[in-house]
Amino acid sequence: MNYEASIEFAKQMDNEDPIRSYRDRFHFPQFNGDDILYFGGNSLGLMPKTSKAAVNEELDVWKKLGVTGQHDRWEAYHEHLTESTARLVGAKPSEVVVMNALTVNLHVLLVSFYQPTPKRNKIVIEKGAFPSDQYAVESQIRFHGFDPKDALIELTPREGEKCLRTDDILITLKENGDSIATILIGGVNYYTGQAFEMEKITKVGHEIGAYVGFDLAHGAGNLLLNLHDWDVDFAAWCTYKYICAGPGSPGGVFIHERHGSWDGPRFAGWWGHDKETRFNMGPNFIPITGAEGWQISNAPVLSMACLRSSMSIFDEAGMPAIRKKSEMLTGYLEFLIKTIHDKIEVITPLDPHERGNQLSLVMKENGKDIFNKLGEKGVVCDWREPDVIRIAPSPLYNSYTDIYCFFEILKSLAG
Ligand SMILES: *Cc1c(COP(=O)(O)O)cnc(C)c1O
């Protein structure tokens, strides 16, 4: 792609963008009477214009029907999300479910997929994982009576490097072989924006006899995923970042179909119980086959209504088109940043196959100050200590013109 650093070029790219109209499906916060430059979709995606009506519809049912709504409508509510969720992550419908929240789901999944023994008790994560994942994993290790100092392996980049090399990851896995119980890596690291080679990691993880899972908070709705074919054991993600389902929206879970008839450890609840006999209220837990068997509580319908409205946008646009634009949009951002490169270092991998839409910019001078001024000029992005600004252009609602306008502002502050 031959990019050009001009507003005319950006506008032309927008004119040729086959999914440009999706921008109109979202509410933009306003700044000085115009759409704000919003690059915070890796923290909280913008609100689809259909979300409010979707929530109101459920509120109206509640108002008019009370508990009758529960029986007639909400008992199976999460099932409306099954097909689209499966499409989003490359899974079979029986392999996915929407429930709880992300960190809760990590715990629920680790109850099943972390079964340490004296010999095999280690968990592998990436160093600098999202803190919640770190806390979850360490507390799981302690819960089983082990010490994270011995049982936690943190994958660390080479001296002087910010990202991990796949070969180094695979070597660590092989070296620690039969002491590793579980691998749990962020499919895309939240800080560097590096996308890991999940298929290769899964293959080697299985060769050494470990369970392999991914936290896809920054992967789902961002990358093209093929969790079933990659043979991943389990995955979890949130839906309020890339998937635009609103604050605190419920999490997504993938469990490979070979674990569908699981009889190992799991924390059970009535929503995971066989649907035909759930309301017989019997004393014995009979799990639903597949990912739904891991459900514990009944579904948060109002939040799920928002999720349904955003998932229908993903269904309509389709991940292949979304990802295609994402690569070009982020490529354009990278191209522009490089023209002011001596002040800003992109630590996200430059190969589009090794990243999603986010670029992490190390600010070599006055980073925090520049970040604050960006905010004052109507740019939404975020700051991560000690010196990183994260920018995540959404292919659904950001334009090439947004990228160019951001670049002009950044250049005036840092160039
Ligand atoms: C955003 C994020 C979380 C947040 O967890 P919640 O349980 O949804 O609050 C956890 N892990 C990763 C990798 C994230 O990016």
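Definitions and limits used
Residues numbered from 1 in each chain as written. Predicted model: local features only at pLDDT ≥ 70, side-chain atom pairs only at ≥ 80, totals over all residues. Heavy atoms only, no water. Near = heavy atom within 4 Å. Polar contact = N/O pair within 3.5 Å; in protein donor to acceptor, adjacent residues only side chain to side chain. Areas by Shrake-Rupley, 256 points an atom, 1.4 Å probe, with all protein chains shown as cover. Salt bridge = Lys/Arg side-chain N within 4 Å of Asp/Glu carboxyl O. Helix = DSSP H or I, 4+ residues; strand = E, 2+ residues; numbered from the N terminus. Domains from an automatic or database assignment. Contact = heavy atoms within 4.5 Å. Buried area = accessible area lost by both parts, 1.4 Å probe. Core = buried A, V, L, I, M, F, W, Y, C linked by side-chain atoms within 4.5 Å. Buried < 20%, exposed > 50% of the residue type's maximum accessible area, 1.4 Å probe, protein only. Lys, Arg positive; Asp, Glu negative; His and termini not counted. Axes fitted to C-alpha atoms, helices over the stretch in contact; angles between N-to-C directions. Parallel < 35°, antiparallel > 145°, perpendicular 65-115°, else oblique. Left-handed = near helix turned anticlockwise from the far one by under 90°. Nonpolar A, V, L, I, M, F, W, Y, C, P; charged D, E, K, R; others polar. Pairing = 2+ DSSP bridges.

## As for the site of the ligand
Part 1 of the argument: All residues in the neighbourhood of the ligand are listed as Leu 102, Thr 103, Phe 130, Asp 133, Asp 215, Ala 217, His 218, Tyr 240 and Lys 241.
Part 2 of the argument: Between the ligand and Asp 133, the relevant distance is 2.6 Å, taken from a nitrogen atom to a side-chain nitrogen or oxygen of the residue.
Part 3 of the argument: Side-chain polar atom of His 218 to an oxygen atom of the ligand: 2.9 Å apart, as the coordinates give it.
Part 4 of the argument: Isolated, the ligand exposes 390 Å² of accessible area, and the fraction of that covered by the protein chains is 83%.

## Concerning the pattern of salt bridges
Charged atoms that come close allow side chains of opposite charge to pair.
Part 1 of the argument: Here the structure, examined in full by the defined rule, presents 26 salt bridges.
Part 2 of the argument: Across the pair Glu 257 and Lys 92 runs a salt bridge whose closest N-O atoms are separated by 3.0 Å. Note that Glu 257 is positioned in the loop between strand S12 (251–255) and helix H11 (301–317) and Lys 92 in the loop between helix H4 (82–89) and strand S6 (96–99), a separation of 165 residues in sequence.
Part 3 of the argument: A salt bridge links Arg 165 to Glu 161, with the nearest nitrogen and oxygen atoms 2.5 Å apart.
Part 4 of the argument: Members of the salt-bridge network, linked through shared partners, are Arg 23, Asp 35 and Asp 402.

## Let's talk about the domain arrangement of the protein
Part 1 of the argument: Under the domain assignment, the protein is made up of domain 1 (7–49 + 318–414) and domain 2 (55–315).
Part 2 of the argument: Domain 1 and domain 2 are separated by 28 Å when their C-alpha centres are compared.
Part 3 of the argument: Each side of the interface is counted separately: domain 1 has 34 residues, and domain 2 has 24 residues.
Part 4 of the argument: Between domain 1 and domain 2, roughly 2,400 Å² of surface is buried when both sides are summed, and carbon and sulfur atoms account for 62% of that area.
Part 5 of the argument: Three residues stand out in domain 1 for area buried against domain 2, namely Pro 48, Met 319 and Ile 347, and they jointly supply 22% of the buried area on that side.

## A closer look at the nonpolar core
Part 1 of the argument: Residues Leu 173, Ile 201, Leu 227 and Trp 237 are the most contacted members of the largest nonpolar core, which totals 67 residues.
Part 2 of the argument: For this core, the element with the highest residue contribution is H11, accounting for nine residues.
Part 3 of the argument: Excluding its chain neighbours within four sequence positions, the residues that come into contact with Leu 173 are Val 124, Ile 180, Ile 183, Ile 201, Val 204, Gly 205 and Ile 208.
Part 4 of the argument: Counting residues in each nonpolar core, the second largest holds 33 residues, with Phe 9, Leu 336, Trp 383 and Ile 409 among its members.

## Considerations on the side chain of Glu 95
Part 1 of the argument: Relative to the assigned elements, Glu 95 resides in the loop between H4 and S6.
Part 2 of the argument: As a buried residue without a salt bridge, Glu 95 has its nearest oppositely charged side chain in Lys 92, at a separation of 6.2 Å.
Part 3 of the argument: One polar contact links the side chain of Glu 95 to the main-chain amide nitrogen of Lys 92, over a distance of 2.7 Å.
Part 4 of the argument: Within the structure, Glu 95 has its side chain in polar contact with the side chain of His 228 (distance 2.7 Å).
Part 5 of the argument: Those residues in contact with Glu 95, other than ones at most four positions away along the chain, are His 228, Val 253, Phe 254, Ile 255, His 256, Glu 257 and Ala 291.

## Brief notes about the packing of H4 against H11
Part 1 of the argument: Contact geometry for H4 and H11: axes closest at 10 Å, N-to-C directions at 55 degrees. Judged by the angle between their axes, H4 and H11 are oblique. When the axes of H4 and H11 are compared, the crossing they make is left-handed. Counted together, Ser 84, Thr 85, Arg 87 and Leu 88 of H4 and Met 311, Phe 314 and Asp 315 of H11 form the full contact between these two elements.
Part 2 of the argument: Considered class by class, the residues forming the contact of H4 with H11 number three nonpolar, two polar and two charged.

## Section: the sheet that holds strand S9 (residues 180–186)
Part 1 of the argument: What the seven strands build is an open sheet, ordered S6-S12-S11-S10-S9-S7-S8; its pairing is mixed. Because the sheet does not close on itself, it has two edges, and the strands there are S6 and strand S8 (152–155). On average, each strand axis in the sheet is tilted by 20 degrees relative to the strand beside it, whichever way the strands run.
Part 2 of the argument: Judged from the three bridges that link them, strand S10 (residues 211–215) and strand S11 (residues 234–237) form a sheet pairing that is parallel. Bridging across to S11, Gly 213 finds its partner in Phe 234.
Part 3 of the argument: On the sheet, helix H9 (residues 198–207) packs against S9 and S10 and is oriented at approximately 155 degrees with respect to S10.

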